[in-house]
Amino acid sequence: MKDTELKQSQVNAEKTHSKDSGTSENQTIKRVEIPDSPFHVITIEGQSFGVMGDYRLTEKSASEAEVREELSKITWNRIVQVVMLLEEVRTKINNKIKKEI
């Protein structure tokens, strides 16, 4: 998991095949790390949203700055989101371990 996080934080922008649109056009995905937090802002085709790992935390917005500001606020809602996310990750890891045994 550490390797995945490291790779994700090193990627600033990349070209990828558009899976959602069903076309063969390439689209630019911009990933910006928010310093001193586990969060990133992803921007695809002018729409930005906040993520933690593979999990989206915010609604889509036309403003990257707005998403950064929202993720910088420590609210009870954000705390509950992160705790639930970590519990889901823990459950997936435990299930994977059980399958290997």
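Residues numbered from 1 in each chain as written. Predicted model: local features only at pLDDT ≥ 70, side-chain atom pairs only at ≥ 80, totals over all residues. Heavy atoms only, no water.

A. Highlighting the overall build of the protein chain. From N to C terminus, the protein chain includes three helices and five strands. Traced from its N-terminal end to its C-terminal end, the protein chain shows the element sequence α-β-β-β-β-β-α-α. The buried share of the protein chain, taken over its 101 residues, is 25%. Looking at the protein chain alone, contacts between residues at least 24 apart form 23% of all its contacts between residues at least 6 apart. Entry remark: accessible area of the protein chain is about 7700 Å², with carbon and sulfur atoms responsible for 53%. (Helix = DSSP H or I, 4+ residues; strand = E, 2+ residues; numbered from the N terminus. Buried < 20%, exposed > 50% of the residue type's maximum accessible area, 1.4 Å probe, protein only. Contact = heavy atoms within 4.5 Å. Areas by Shrake-Rupley, 256 points an atom, 1.4 Å probe, with all protein chains shown as cover.)

Nothing here speaks to function; it is geometry throughout.
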